[in-house]
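Notes for the structure review
The lines below spell out each chain.
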Amino acid sequence: MTHALELVDIHTYYGKIHALKGVSMTVDPGEVVTLIGSNGAGKSTTLRTISAITHAREGKVLFNGVEIQAEKPHAVVGMGIAQAPEGRHVFTRMTVYENLQMGAFSRSGDIADDVARVYDLFPRLKERRAQRAGTLSGGEQQMLAIGRALMAKPTLLLLDEPSMGLSPILTEQIFQIIRDINGQGTTVLLVEQNAQMAFNVAHRGYVLQTGQIILANTAANLAADPQVRQAYLGEI
Ligand SMILES: Nc1ncnc2c1ncn2[C@@H]1O[C@H](COP(=O)(O)OP(=O)(O)OP(=O)(O)O)[C@@H](O)[C@H]1O
Ligand SMILES: [Mg+2]
């Protein structure tokens, strides 16, 4: 089977900083795969490399078997990879609806059905559809960032810390929505610091430490791993 996504020995630099030191991983169609790691481990860099926002100096990024590293970011979105970035990054002066429209920039056709799907997943966004995004709460902006990514009709959704800054209840809701999105057929690569929640929703996971994958296993096995429990699940 061709992997939905395959990273082969990726090396990414910021100037002299060697942020990713030979990262290899796969995501198969229909999976939720989580990438966990501490601050600065290289999680966002991995997602940015996949989205071609940052380019690897060495290695390959294969999407459905096709090399995409040389593509422009908007072309990668057009191929079916959308990212809800860390820190939300919604267009603050535009309304909720206009943000969703922007998410559909890469595709043609009527967007009404997809807007309706996003409003079904996030009823709060429907209530706030005419409100400027900058005036939404943090959690609502997070929902909008995910909704906007879905407007590109991705087959692979990249989520960078969707639970960041959210209350426990909103975190539960966001993770349930990730399950729903996956249940509707979208493959998900989920970057999280909330390892416990990530393991609950993911099929498999990878642990990234200072730019290198140190563990790869099923989510259940990672959740039971003593090293993971100590470092990422707060056990002493
Ligand atoms: N634009 C940049 N210029 C220089 N160094 C950068 C840049 N972006 C990231 N880095 C460095 O690359 C490393 C990996 O950063 P990255 O943002 O990928 O980490 P992360 O795992 O997402 O961390 P966090 O959990 O804090 O979001 C860090 O050491 C960071 O300082
Ligand atoms: Mg990050």
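An account of the accompanying structure is given in this report. (Residues numbered from 1 in each chain as written. Chains lettered and ligands numbered in written order. Predicted model: local features only at pLDDT ≥ 70, side-chain atom pairs only at ≥ 80, totals over all residues. Heavy atoms only, no water.)

**Focus on the site of ligand 1**
Around ligand 1 sit 15 residues, and of these Gly40, Lys43, Thr45, Glu86 and Gln193 come closest. At a separation of 3.2 Å, an oxygen atom of ligand 1 approaches a polar backbone atom of alanine 41. In the environment of ligand 1, an oxygen atom lies 2.9 Å from a nitrogen or oxygen atom belonging to the backbone of glycine 42. In isolation ligand 1 exposes 640 Å². Once the protein is present, 64% of that is buried. (Near = heavy atom within 4 Å. Polar contact = N/O pair within 3.5 Å; in protein donor to acceptor, adjacent residues only side chain to side chain. Areas by Shrake-Rupley, 256 points an atom, 1.4 Å probe, with all protein chains shown as cover.)

**Observations concerning the sheet that holds strand E5 (residues 66-67)**
Read across the sheet, four strands follow the order E2-E1-E4-E5 without closing on themselves; strand pairing throughout is antiparallel. At either margin of the open sheet sits one strand with a lone partner, and together these are strand E2 (17-27) and E5. By the bridge criterion, two bridges tie strand E4 (residues 58-63) to E5 in an arrangement that is antiparallel. Residue leucine 62 lies in a different strand from E5, and its bridge partner there is glutamate 67. Sheet strands in contact with helix H1 (residues 43-50) are strand E1 (5-14), E2 and E4, and its direction is about 115° off that of E1. (Pairing = 2+ DSSP bridges. Helix = DSSP H or I, 4+ residues; strand = E, 2+ residues; numbered from the N terminus. Contact = heavy atoms within 4.5 Å. Axes fitted to C-alpha atoms, helices over the stretch in contact; angles between N-to-C directions.)

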